[in-house]
Amino acid sequence: MALIITDECINCDVCEPECPNNAISQGEEIYVIDPNLCTQCVGHYDEPQCQQVCPVDCIPLDPAHQETHDELYQKYLIITGKSA
Ligand code: SF4
Ligand code: SF4
């Protein structure tokens, strides 16, 4: 499941550099996560790094993008060019 940034985001920019997949960018009003690039940090870290650093706790799971751990890992392999 990808994560999503809610409108409680205060545009602090802390999360963007922490994302190992470069999935976070500045949107029109708040920061946004590209669900095609977010692996919930699977493959890189045990915990979603953006959630760890967000000072207002506004990055929940996105129910619109349901994925299993295995699907997230496959996405990680494709993004990093490690899939056969
Ligand atoms: S959970 Fe990980 S991969 Fe997804 S946006 Fe946050 S830092 Fe990036
Ligand atoms: S860390 Fe949280 S408040 Fe800061 S830009 Fe990212 S989502 Fe927004």
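The structure under discussion appears in the preceding block.
A brief structural summary. (Residues numbered from 1 in each chain as written. Chains lettered and ligands numbered in written order. Predicted model: local features only at pLDDT ≥ 70, side-chain atom pairs only at ≥ 80, totals over all residues. Heavy atoms only, no water.)

1. Here's the deal with the site of ligand 1
The environment of ligand 1 is made up of Leu3, Cys19, Pro20, Asn21, Ile24, Ile33, Cys38, Thr39, Gln40, Cys41, Pro48 and Cys50. Split by residue class, the shell around ligand 1 holds nine nonpolar, three polar and no charged. (Near = heavy atom within 4 Å. Nonpolar A, V, L, I, M, F, W, Y, C, P; charged D, E, K, R; others polar.)

2. Here we look at the packing of aromatic side chains
Taken as a whole, this structure holds one aromatic pair when the rule is applied. A ring pair is formed by Tyr73 and Tyr76, whose centres lie 5.4 Å apart and whose planes are at 35 degrees; its orientation type is tilted. Residue Tyr73 and its partner Tyr76 are located together in helix H2 (residues 69–79), separated by three residues, close to a single helical turn. With a relative accessible area of 7%, Tyr76 lands in the buried category. (Phe/Tyr/Trp six-rings, centres within 6.5 Å; stacked < 30°, edge-to-face > 60°. Helix = DSSP H or I, 4+ residues; strand = E, 2+ residues; numbered from the N terminus. Buried < 20%, exposed > 50% of the residue type's maximum accessible area, 1.4 Å probe, protein only.)

3. Description of the side chain of Asp62
With respect to the element layout, Asp62 can be found in the loop between helix H1 (49–53) and H2. No salt bridge is formed by the buried Asp62. Its closest oppositely charged neighbour is Lys75, at 9.5 Å. Engagement of the side chain of Asp62 in a polar contact is seen with the side chain of His65, the distance being 2.7 Å. Setting aside residues no more than four positions away along its own chain, Asp62 makes contact with Met1, Ala2, Leu3 and Ile4. (Lys, Arg positive; Asp, Glu negative; His and termini not counted. Salt bridge = Lys/Arg side-chain N within 4 Å of Asp/Glu carboxyl O. Polar contact = N/O pair within 3.5 Å; in protein donor to acceptor, adjacent residues only side chain to side chain. Contact = heavy atoms within 4.5 Å.)

4. Section: the site of ligand 2
Around ligand 2 sit 13 residues, and of these Cys9, Cys12, Asp13, Cys15 and Cys54 come closest. Here the residues of the shell around ligand 2 sort into eleven nonpolar, one polar and one charged.

5. Remarks on unusual backbone geometry
Negative phi values dominate among residues other than glycine, just as trans dominates among peptide bonds. Of note in the backbone geometry, Cys41 takes a positive phi value of approximately 70 degrees without being a glycine. Mapped onto the elements, Cys41 comes out in the loop between strand S2 (31–33) and H1. In this structure, Asp57 takes a positive phi of about 55 degrees despite not being glycine. Summarising the element assignment, Asp57 is placed in the loop between H1 and H2. Relative accessible area serves as the criterion here: at 64%, Asp57 is assigned to the exposed category.

6. Remarks on the nonpolar core
Among the nonpolar cores identified, the biggest contains 16 residues, and Ile5, Ile24, Ile33 and Ile59 are the most heavily contacted of them. In this structure, Ile59 is in contact with Leu3, Ile4, Ile5, Cys15, Ile33, Cys50, Gln51 and Cys54, ignoring residues within four places of it in sequence. (Core = buried A, V, L, I, M, F, W, Y, C linked by side-chain atoms within 4.5 Å.)

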